Structure formats: C-alpha cells, structure tokens
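Each chain, written out:
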Amino acid sequence: QVQLVESGGGLVQAGGSLRLSCSASGSIFRINAMGWYRQAPGKQRELVAVINSGGSTNYADSVKGRFTGSRDNAKNTAYLMMNSLKPEDTAVYYCNADVTSIALVPINLWGQGTQVTGSS
C-alpha cells in the first residue's frame, strides 16, 4: 500500500510564508510527477505546481514568483514553499503523485489535504 501524508498548513497573515510537505510511503518502486493542487470554498480544485522527477517545476500563473515547488527524491518528499501569501491563496492544499508500485503498477495518489489560510 502506498500513501501520501501532508503537513505544514496553517494560518498566516498576508505577506507571510508557509512551507508544505508531502511524504510518500509504502511499496514504492518509483515516484514520477508530484504536484500540488488547491481547492477554495465553492471553487473547483486547481493546479498550483507540478514537479517532475528531475525537479523542474511548472506553476499556475497566480503563484509564479511567490511559490516554489521542490522535491527530495531520497526522502520521497515534495515541498511547496509559499511566500507573499495573499488572502486569495486561502484553500485546502492537496498533494498528488504518480507512483509506480514495486509490483510495477501505476498509481495516482492524493494526500489528505491541509488547510492554508491567508488573513488580511
């Protein structure tokens, strides 16, 4: 069994910073892309950043220059450093990963979500 566990959400004043972490564990052969998504109340889930296995990252226009995605492949962990947070960044943030299990089965996983609130 493979699972993702997120941590690092919280309440921060506008302009502040938070770092989210997402750790994968279980019967993992390889982790391919890892991504961060968010869902605000009443809105659809949207992509924030996707990090490929080589570490290159693509971002949503709304977070470019403020958020930085990274990963530590040795720890099976992805990070999202969020700077200059705005109230409109308030959402539940979800980690997503494309994983190949040790049985060589491709699996797409979601984390449990972590609340990020930027107060004005």
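Residues numbered from 1 in each chain as written. Predicted model: local features only at pLDDT ≥ 70, side-chain atom pairs only at ≥ 80, totals over all residues. Heavy atoms only, no water.

Draft legend 1. Examining the pattern of salt bridges more closely. Per the counting criterion, the structure on display carries 4 salt bridges. The residue Arg38 makes a salt bridge to Glu46 at a minimum N-O spacing of 2.7 Å. The exposure class assigned to Arg38 is buried, which follows from its relative accessible area of 6%. A relative accessible area of 36% places Glu46 in the partly exposed class. Look at the salt bridges and you will find they share partners, linking Arg38, Glu46, Arg66 and Asp89 into a network. (Salt bridge = Lys/Arg side-chain N within 4 Å of Asp/Glu carboxyl O. Buried < 20%, exposed > 50% of the residue type's maximum accessible area, 1.4 Å probe, protein only.)

Draft legend 2. Looking closely at the state of the cysteines. Enumeration according to the criterion identifies 1 disulfide in this entry. What pairs with Cys22 in a disulfide is Cys95, and their sulfur atoms sit 2.0 Å apart. Handedness here is read from the sign of the S-S torsion; for Cys22 and Cys95, about -75°, the answer is left-handed. Note that Cys22 is positioned in strand β3 (residues 18-26) and Cys95 in strand β9 (residues 91-101), a separation of 73 residues in sequence. Take Cys95: its relative accessible area is 0%, and that puts it in the buried class. (Disulfide = S-S within 2.5 Å. Helix = DSSP H or I, 4+ residues; strand = E, 2+ residues; numbered from the N terminus.)

Draft legend 3. The arrangement of unusual backbone geometry in detail. Even without a glycine there, the phi angle at Ser84 is positive, about 50°. Residue position: Ser84 is located in the loop between β8 (77-82) and β9. Its relative accessible area of 40% is what places Ser84 among the partly exposed residues. A positive phi angle, near 65°, is found at Leu104, a position not held by glycine. Among the structural elements, Leu104 can be located in the loop between β9 and β10 (106-110). By relative accessible area, Leu104 is classed as exposed at 56%.

Draft legend 4. How the structure looks around the sheet that holds strand β1 (residues 2-7). Strand order in the open sheet formed by 4 strands is β1-β3-β8-β7, with antiparallel pairing between adjacent strands. Both outer strands of the open sheet, β1 and β7 (67-72), are each paired with one neighbouring strand and no more. Across the sheet, the mean angle separating the axes of adjacent strands is 15° when strand polarity is ignored. (Pairing = 2+ DSSP bridges. Axes fitted to C-alpha atoms, helices over the stretch in contact; angles between N-to-C directions.)

Read these as layout, nothing more, since geometry by itself doesn't imply function.
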